[in-house]
Amino acid sequence: MYNIKNYKGEQYFRILKRAIEAWCMMMVIIMDKGIISTEQLSTRKNAYLIYRTTLSKLSASITLDGIIPIVLFIIFFVFYWKVAEIPFRKTVWVHILAAVFAVFVVVGYSFAMTQSLDLIFADYAQITKAAVCLIGYYGLFLPCIKLCYLVMSRKKIFARAETAPPKWTALLMDEHPFLGAFAGLALAWLPYLIAYYPGIFMGDTGAQISQYFQLPNGTSNYLNLISDTQLINNHHPVLHTVLMGTAVKIGRMLGSDNLGIFLYTLFQYLCMAAALAYGISYLKNLKMPRWFQGGILGLTALYPVFPRYAVLLSKDTLFSSCVLVFEIFLIRLVREEIKISKKEGILFLLTMLGVMMLRQNGLYVVVFSLPALLFEKDRRKRRKTALLFCGAIVLYLSYTHILFPALDITPGSRREMLSVPFQQTARYVRDYADEVTEEERDAISIMSMHLKERENSLRWYQNLCCTVRC
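First things first, this report covers the structure right here in the doc.

**A word on the overall build of the chain**
Then, in step 1: The secondary structure content of the chain amounts to 21 helices and zero strands.
Then, in step 2: Looking at the 470 residues of the chain, the share that counts as buried comes to 38%.
Then, in step 3: Expressed as a percentage of contacts within the chain between residues at least 6 apart in sequence, the contacts between residues at least 24 apart total 77%.
Then, in step 4: In the structure as shown, the chain presents an accessible area of about 28000 Å², 67% of it carried by carbon and sulfur atoms.

**Concerning empty space enclosed by the protein**
Then, in step 1: Per the counting criterion, the structure on display carries one cavity of 30 Å³ or more.
Then, in step 2: In this model, the largest cavity occupies a volume close to 50 Å³.
Then, in step 3: In terms of lining, the largest cavity is formed by 13 residues, of which the most central are Asn234, Met356, Met357, Gln360 and Tyr396.
Then, in step 4: When residues of the lining of the largest cavity are traced back to their parent elements, those giving at least two are α12 (238-253), α17 (342-357) and α19 (379-406).
Then, in step 5: Looking at the lining of the largest cavity element by element, the count peaks at four residues for α19.

**Topic: the environment of Tyr303**
Then, in step 1: With respect to the helices and strands, the residue Tyr303 is situated in the loop between α14 (290-302) and α15 (305-310).
Then, in step 2: For the pair formed by Tyr303 and Trp189, sequence separation is 114 residues and the distance between their alpha carbons is 9.7 Å.

**Points about the packing of aromatic side chains**
Two descriptors summarise a pair of aromatic rings, namely the distance from one centre to the other and the angle between the planes of the rings.
Then, in step 1: Evaluation of the coordinates by the stated rule reveals 16 aromatic pairs.
Then, in step 2: Here the aromatic rings of Tyr137 and Phe141 are separated by 6.3 Å at their centres, their planes lie at 25°, and the arrangement is stacked. Highlighted residues: Tyr137 and Phe141, both in helix α6 (residues 124-153), separated by four residues, approximately one helical turn.
Then, in step 3: Between Phe326 and Phe348, the ring centres sit 6.0 Å apart and the planes meet at 20°, which makes this aromatic pair stacked. Highlighted residues: Phe326 in helix α16 (residues 315-334) and Phe348 in helix α17, separated in sequence by 22 residues.
Then, in step 4: The exposure class of Phe348 is buried, given its relative accessible area of 1%.
Then, in step 5: For the cation-ring pair, Arg252 lies above Phe213, with the distance from its terminal atom to the ring centre recorded as 4.5 Å.

**Regarding the pattern of salt bridges**
Then, in step 1: For the coordinates displayed, the defined rule picks out four salt bridges.
Then, in step 2: Lys315 is the partner of Asp204 in a salt bridge, and the nearest nitrogen-oxygen pair spans 3.5 Å. On the criterion of sequence distance, the pair formed by Asp204 in helix α10 (residues 203-212) and Lys315 in helix α16 is long-range, its members being 111 residues apart.
Then, in step 3: Here Lys315 falls in the buried class, since its relative accessible area comes to 14%.
Then, in step 4: The closest approach of N and O atoms between Arg252 and Asp257, which form a salt bridge, is 3.0 Å.
Then, in step 5: According to the relative accessible area criterion, Asp257 is partly exposed, its value standing at 33%.

**Describing the packing of α10 against α12**
Then, in step 1: The contact between α10 and α12 brings their axes to 9 Å, and the two run at 75°. The orientation of α10 with respect to α12, classified from their angle, is roughly perpendicular. Taken together, the residues of α12 that come into contact with α10 (itself represented by Thr205, Gln208, Ile209, Gln211 and Tyr212) are His240, Thr241, Val242, Met244, Gly245, Thr246, Val248 and Lys249.

**A short note on a nonpolar patch on the surface**
Then, in step 1: A contiguous nonpolar patch, built from Val92, Trp93, Ile96, Leu97, Val100, Phe101, Val103, Phe104 and Leu134 and spanning about 780 Å² of accessible area, is present on the exposed surface.
Then, in step 2: If one sorts the elements of the nonpolar patch by residue count, helix α4 (residues 92-114) sits on top with eight residues.
Then, in step 3: Relative to the assigned elements, Val100 resides in helix α4.
Then, in step 4: On the accessibility criterion, Val100 (31% relative accessible area) is partly exposed.

**Section: the nonpolar core**
Then, in step 1: In this structure, Phe326, Phe348, Met352, Val355, Met356, Val366 and Phe389 are the most contacted members of the largest nonpolar core, which totals 42 residues.
Then, in step 2: For this core, the elements supplying multiple residues, two or more each, are α12, α13 (257-285), α16, α17, α18 (362-367) and α19.
Then, in step 3: With 10 residues, the single largest contributor to this core is α16.
Then, in step 4: Residues within four places of Phe326 in sequence aside, it is in contact with Phe348, Thr351, Met352, Val355, Val365, Val366, Ser369 and Phe389.
Then, in step 5: Counting 17 residues, the second-largest nonpolar core is a separate cluster that includes Met272, Ile280, Val311 and Leu312.

**Quick word on unusual backbone geometry**
Across residues other than glycine, the phi torsion is negative in most instances, and most of the peptide bonds are trans.
Then, in step 1: With omega at 0°, the peptide bond leading from Tyr197 into Pro198 counts as cis.
Then, in step 2: With respect to the helices, strands and loops of the structure, Pro198 is situated in the loop between α9 (190-195) and α10.
Then, in step 3: Positive phi, normally seen in glycine, also occurs at Gln115, with a value near 60°.
Then, in step 4: Relative to the helices and strands, Gln115 resides in the loop between α4 and α5 (118-121).

About the criteria used
Residues numbered from 1 in each chain as written. Predicted model: local features only at pLDDT ≥ 70, side-chain atom pairs only at ≥ 80, totals over all residues. Heavy atoms only, no water. Helix = DSSP H or I, 4+ residues; strand = E, 2+ residues; numbered from the N terminus. Buried < 20%, exposed > 50% of the residue type's maximum accessible area, 1.4 Å probe, protein only. Contact = heavy atoms within 4.5 Å. Areas by Shrake-Rupley, 256 points an atom, 1.4 Å probe, with all protein chains shown as cover. 1 Å grid on protein atoms, 1.4 Å probe; cavity = no way out; pocket = protein on both sides within 12 Å on 5 of 7 lines; lining within 4 Å. Points joined across faces, edges and corners; volume = space filled by probe spheres on them. Phe/Tyr/Trp six-rings, centres within 6.5 Å; stacked < 30°, edge-to-face > 60°. Lys NZ or Arg CZ within 6 Å of the ring centre and 35° of its normal. Salt bridge = Lys/Arg side-chain N within 4 Å of Asp/Glu carboxyl O. Axes fitted to C-alpha atoms, helices over the stretch in contact; angles between N-to-C directions. Parallel < 35°, antiparallel > 145°, perpendicular 65-115°, else oblique. Patch = residues over 30% accessible without salt bridge, like charges linked within 9 Å, V, L, I, M, F, W, Y side chains within 5 Å. Core = buried A, V, L, I, M, F, W, Y, C linked by side-chain atoms within 4.5 Å.

Following this line, the structure appears as structure tokens:
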């Protein structure tokens, strides 16, 4: 027989838990998360003053009063209570994911506001406020993740209807899902293609076009070039530079540089539309509901970020398109939906090469995707896929280590790999110059000189290789 006392205890615990979560989320909204600083409140003489100043700062952080906090508390309490009543199996990953999201929000807000962790660790009041925010965001993210999981796991709600849809819906989403999505995106984005003719320039665009036509540019001015007659370098992906430069050259032959730039923009525009259409059409294979497939198509067609990105002359547009197609290939491999035919193999190989050649860190995207092979049970199929991965990596290394030196193309600076620690070091020296010792300053200077010497040695070795080959 169930113990009534235990049941009541569980009920009281649930009420207390929901009340704490609702109160914390209410505080997230009405609380000023900034640092409250006065001479009196910064006193740290004894425990009593610490306690008093902490309470004073917390009180000063409340930005709303009256009935609004009460209404917010009731709303969140009812929300948490109703969501808790939904049957849901206990899974640790849901709690971990909610906690991770909460940490990201709190830490991200602190860095966004103060460029540091001061909003979390500045004093006891900030630590308390950060803890309240963590609990509040955790309590908010947890039911949201549960609801998303429940919606996707319920077949009746999140499954493709078996009944025949209207004629046009069946034609666009069932019979020709790729062509339907591609045509929809291309037509919906057309106003942006016209409005931003010949394309949206960014900082790197002019430098890359200048490289292709052997004109001085920002990268050729600071890199130690292998040859003064070859200004193309791998600071920006060479493949992207050549694609863009070739388009401009064709336009120049036709009498207009702008026409050439537009030809490249159109090529990129169609590539991105095709990649997104491929992803949307794959939703049919996953047996996702038609309303979801149509919703994703509507979002990518109407949300301005997508068409503006499609006409932005940046390597990231083609790179992200290749990554999307590559990820779908990986999903198909894990789900054992793909047969490595010649056509599929060539497309997969080209996609991996695009990922690696269009960004310097694309190589790591491909290499760290190799564990996906472990999910493949068929040994023969796993062997073919492994050969495709290895073939793509070998071709990429040949491209960068054999073709580049042969064409006198200077590799990108090693400083790119160390950009994050360089920025961290520079910021520390700037903000805490008094704490940097002479020994540390000398070490930083020596490291910078050593890195420059290594770059010069690499240029000398590549020049030697080119001389021997000649």
